[in-house]
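# Coordinate inspection notes
Spelled out, the chains give:
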Amino acid sequence: MPKAQRTKKQRTPAQRTRRRVAIGGVVALLLGLVAVVLLTVYVGNRALIAKDSLTAAQGQLTSFKDVVGQPGAPSTTQLYAKLQANTAKAAEQVDDPVWSLYEHIPVLGPNLKAFRQTTVLVDDLVHDGVGPIAKAAEGISIDSLKPTNGAVNIEPLKTLTPAVGDLDAAITVADKRAAAIDTSDVLPQLKGPIGTVQSMLSQYAPTVHELHEIMPVLYPALGGEGARHYLLIFQNNAEERASGGNPASMAMLVVNKGKVKLGTQGNSSSFPRPYAKAPYQPSGPQNEDWPKIYTDYASTYVTNITMTPDFPTTAKLARAMWRGQFGGKVDGVISFDPVALSYLLQATGPVTLQDGTKIDATNAVSFLLNEVYFKYPNPFVQDAVFASSAQAIFSAVTSGQGSPSAYLAQVQPMMDQQRLKMWSVRPDEERLLMESPLGNMLPADNTEKTVLGVYNNDDATSKMSYYMDEKVDVTTNTCSATPTFTVKAKVTNTLPLSKVDSLPGYVAANQPRIVKGGDRQWVQLYGPVGAKLKSVSIDGEKVSWGTAFSYKFNTNLDATGQADHRPAVKGEMYDRPVGVVSLNMGPASSMTVRAVFVGGTELSKTVEVSHTPKVREVPVSITSAKCG
């Protein structure tokens, strides 16, 4: 019998059905895997395209920022077109349903979402913010600011102003969107660039917003809506005052549709000395101690209106005095000193005065603050030289001598050193000025920075301040609930003994009880807003306070300085504690004042010192105590 053949096992219908399902599942799985791979490649490819487009846009944005406003720069609209094309291409790649689906995948999803959010906000910022600026800036360069025939073309401000508003709105929105991007689960390679975008937006948003507020007032401020009259006061640092120096020289600057003209000039002899009644008397809760701290000298002598560091008060005094003598409009007050003029001369180059003297950035300060008194003993001739200096420098600026970029470079040190100050009679403009270093020397509160003040007022009717240097050291201790601020101001008379006898009478001190070659000055020490003045010492000896600035009305005969007819006084000004002491020192000597302030309200951790802008730099050191 033949060997039995093996028969094929027959599957039941149910088994055959399960087999087909299994095969179908494997096929579906394989197809699904293929689909996932293809979709992943698809998303990855779009990501690469977006990344390359953003990288190109980054370089173009840098180029745009570097060339906008520069002479001979490429077309801003053409640069913008290339930039916007790349950001739009990047945004198009991430605006995709598959991309959105992948954002829900663990690990990969958060990276894709953060990348998409960043790409879209950059594209929106370029389109909504950079676009208007590119259009408005077309054909405009910094050279457009250069005066021609004494006038500046202010018409570009009309198109630039709304464009800056668009940029401000766009960057504000982008800043908020960037801050909301969650990068907690994002890979470091992506987290870094996103962080850079977030940081740049948070850094530039406040600056652009400030520019947006300033731009609308520039056109009218430059006479675009009618002539403006600005009173210029020149502070002579050789006879120190709290905000700089004796403002004996003044001039009226008239600006009409960008055309600048120097009008009437005056000096201390143009005003009553003193006024029988102050033309403007500081009042209100922040000025209650004015008679004690400054006395009527500061409001009845034009030469003393800068005894206060509060520039709005100085400006109102100057405006009232000028209008009383010369009449007319005064829309604002601008103050600067010979050191600031020397900065301008770095831009203009040398100028020649009427007497043939050539001054430049290297010799202007020494000539105007010292040498002129040796060369011309007659005060009237001195005044003529000062007027000639102002006229020569003004002519150099308005004739277009020097580049606008060179002028702009000098503005920052003027502001940083508080040598350039401005005040406006218009509330909207004054509000902006008070929010900047131009408006005041002491901020109204401590929220942004805790500022201490050290100011000097000459009390020798001399020009000896030219020889007076100062060094300020501050130590802060915020470890306890009640913070402490210790301020040391070392004042030095640098006049060598060998030069005492050669001093002209107009330079030397002209008050009794001052040795030859010596100087006497008031030192004002201001604490933080809301603080208390704990103590003050002079060369280690504790100050005993008088009851009045004038020795005739002082009732404390033991007050420091009473024997010199200069009793120390203390009080409160501008919501700050202030102590005022008198220093009397001979040539080649120094004295140190030490003040301790405690407490304060809403104190910022950033501590700064505001001080009188002197002839030479005032070194300032700030040391914070280590807690724990």
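Residues numbered from 1 in each chain as written. Predicted model: local features only at pLDDT ≥ 70, side-chain atom pairs only at ≥ 80, totals over all residues. Heavy atoms only, no water.

### Overview of the overall build of the protein
Each helix and strand counted, the protein has 14 helices and 18 strands in total. Here the protein, with 628 residues, has 48% of them falling under the buried criterion. Considering only intrachain contacts with a sequence separation of at least 6, the fraction spanning at least 24 residues in the protein is 73%. Taken as a whole, the protein presents about 30,600 Å² of accessible surface, with 57% of it coming from carbon and sulfur. (Helix = DSSP H or I, 4+ residues; strand = E, 2+ residues; numbered from the N terminus. Buried < 20%, exposed > 50% of the residue type's maximum accessible area, 1.4 Å probe, protein only. Contact = heavy atoms within 4.5 Å. Areas by Shrake-Rupley, 256 points an atom, 1.4 Å probe, with all protein chains shown as cover.)

### Things to note about the packing of helix 6 (residues 188-221) against helix 14 (residues 427-434)
Between helix 6 and helix 14, the shortest axis-to-axis distance is 10 Å and the interhelical angle comes to 125°. Classed by the angle they form, the pair helix 6 and helix 14 counts as oblique. As helix 6 runs across helix 14, the sense of the crossing is left-handed. For the pair helix 6 and helix 14, contact is made by Glu213, Ile214, Val217 and Ala221 and by Asp428, Glu429, Arg431 and Leu432, respectively. Looking at the contact of helix 6 with helix 14 residue by residue, the class counts come to four nonpolar, no polar and four charged. (Axes fitted to C-alpha atoms, helices over the stretch in contact; angles between N-to-C directions. Parallel < 35°, antiparallel > 145°, perpendicular 65-115°, else oblique. Left-handed = near helix turned anticlockwise from the far one by under 90°. Nonpolar A, V, L, I, M, F, W, Y, C, P; charged D, E, K, R; others polar.)

### Notes on the pattern of salt bridges
Side chains that differ in charge, positive against negative, can pair when their charged atoms come close. A complete count under the given rule lists 21 salt bridges for this structure. Notably, a salt bridge pairs Arg520 with Asp564, separated by 3.7 Å at the nearest N-O pair. Note that Arg520 is positioned in strand 11 (residues 519-526) and Asp564 in the loop between strand 13 (541-542) and strand 14 (569-573), a separation of 44 residues in sequence. Asp564 shares its class with Arg520; the two are buried. One network of salt bridges, in which partners are shared, links Asp459, Arg513, Arg520, Asp564 and Arg566. (Salt bridge = Lys/Arg side-chain N within 4 Å of Asp/Glu carboxyl O.)

### Things to note about the packing of helix 10 (residues 338-348) against helix 13 (residues 404-416)
Where helix 10 meets helix 13, the axes come as close as 8 Å, and the angle between the chain directions of the two elements is 160°. On the basis of the axis angle, helix 10 is roughly antiparallel to helix 13. The handedness of the crossing between helix 10 and helix 13 comes out as right-handed. Only Ala406, Tyr407, Gln410, Pro413 and Met414 of helix 13 make contact with helix 10, whose side of the interface consists of Ala340, Tyr343, Leu344, Gln346, Ala347 and Thr348. Here the contact of helix 10 with helix 13 is composed, by residue class, of eight nonpolar, three polar and no charged.

### So, the state of the cysteines
For the coordinates displayed, the defined rule picks out one disulfide. A disulfide bridge connects Cys479 with Cys627, and the sulfur atoms are separated by 2.0 Å. When the S-S torsion is -90°, as for the bridge of Cys479 with Cys627, the disulfide is left-handed. On the criterion of sequence distance, the pair formed by Cys479 in the loop between strand 9 (468-477) and strand 10 (484-493) and Cys627 in the segment after strand 18 (620-624) is long-range, its members being 148 residues apart. Residue Cys479 is classed as partly exposed on the basis of its relative accessible area, which comes to 37%. (Disulfide = S-S within 2.5 Å.)

### Section: the sheet that holds strand 8 (residues 450-458)
Sheets are built from strands that pair by backbone hydrogen bonding, the pairs being arranged parallel or antiparallel. The strand order across the open sheet built from five strands is 14-15-11-8-17, with neighbouring strands paired in mixed fashion. With one partner strand each, in any of the chains shown, strand 14 and strand 17 (607-611) form the two edges of the open sheet. Adjacent strand axes in the sheet meet at a mean angle of 20° when their direction is disregarded. Bridging between strand 11 and strand 15 (residues 576-585) involves eight bridges; their strand directions are antiparallel. In the strand pairing of strand 15, Val523 is matched with Val581. (Pairing = 2+ DSSP bridges.)

### Things to note about the packing of aromatic side chains
Summed over the entire model, instances satisfying the criterion amount to 11 aromatic pairs. With a centroid separation of 6.1 Å and an interplanar angle of 80°, the aromatic rings of Phe271 and Phe326 are classed as edge-to-face. You can see Phe271 sitting in the loop between strand 3 (259-266) and helix 7 (290-293) and its partner Phe326 sitting in helix 9 (residues 311-326), a full 55 residues away along the chain. Looking at Phe271, the relative accessible area reads 5%, which means it is buried. We classify Phe326 as partly exposed; its relative accessible area is 35%. (Phe/Tyr/Trp six-rings, centres within 6.5 Å; stacked < 30°, edge-to-face > 60°.)

### Focus on the side chain of Asn287
Inspection of the secondary structure assignment puts Asn287 in the loop between strand 3 and helix 7. Residue Asn287 is classed as buried on the basis of its relative accessible area of 12%. The residues touching Asn287, leaving out its near neighbours within four places in the chain, are Pro282, Met573 and Tyr574.

### Things to note about helix 14
Taken as a whole, helix 14 has its buried residues at Glu429, Glu430, Leu432 and Leu433. Considered in projection along helix 14, the buried side chains sweep an arc of 160° and stay on one side of the axis. At its buried positions, helix 14 is contacted by helix 6, strand 1 (228-241), helix 9 and strand 7 (421-424). (Arc of directions from axis to C-beta.)

### As for the environment of Asp182
Mapped onto the secondary structure, Asp182 falls in the loop between helix 5 (156-179) and helix 6. Through-space distance from the C-alpha of Asp182 to that of Pro110 is 8.0 Å; in sequence the pair is 72 residues apart.

### Focus: the confidence of the model for the protein
Scored by pLDDT, the protein has a mean of 87; 90% of the residues are at 70 or more. Throughout residues 23-39 the model reports pLDDT below 50, and contacts reaching past four residues in sequence, or to other chains, amount to three contacts. (pLDDT = per-residue confidence, 0-100.)

### Some remarks on the sheet that holds strand 7
Read from one edge to the other, the open sheet built from five strands follows the order 3-2-1-4-7, with strand pairing classed as mixed. Unpaired on one side and paired on the other, strand 3 and strand 7 mark the two borders of the sheet. Each strand axis lies, on average, 25° off the axis of its neighbour in the sheet, ignoring direction. In terms of strand pairing, strand 1 meets strand 2 (residues 244-256) through 10 bridges, oriented antiparallel.

### Overview of unusual backbone geometry
Here the bond from Arg273 into Pro274 is cis, since omega is 0°, no more than 30 degrees from zero. Examined against the element boundaries, Pro274 turns out to sit in the loop between strand 3 and helix 7. Here Thr461, not a glycine, exhibits a phi torsion of approximately 45°, which is positive. Position of Thr461 among the secondary structure elements: in the loop between strand 8 and strand 9. Given the relative accessible area of 47%, Thr461 is considered partly exposed. If you check the backbone angles, Ala588 has positive phi at about 55° while not being a glycine. Mapped onto the secondary structure, Ala588 falls in the loop between strand 15 and strand 16 (589-599).

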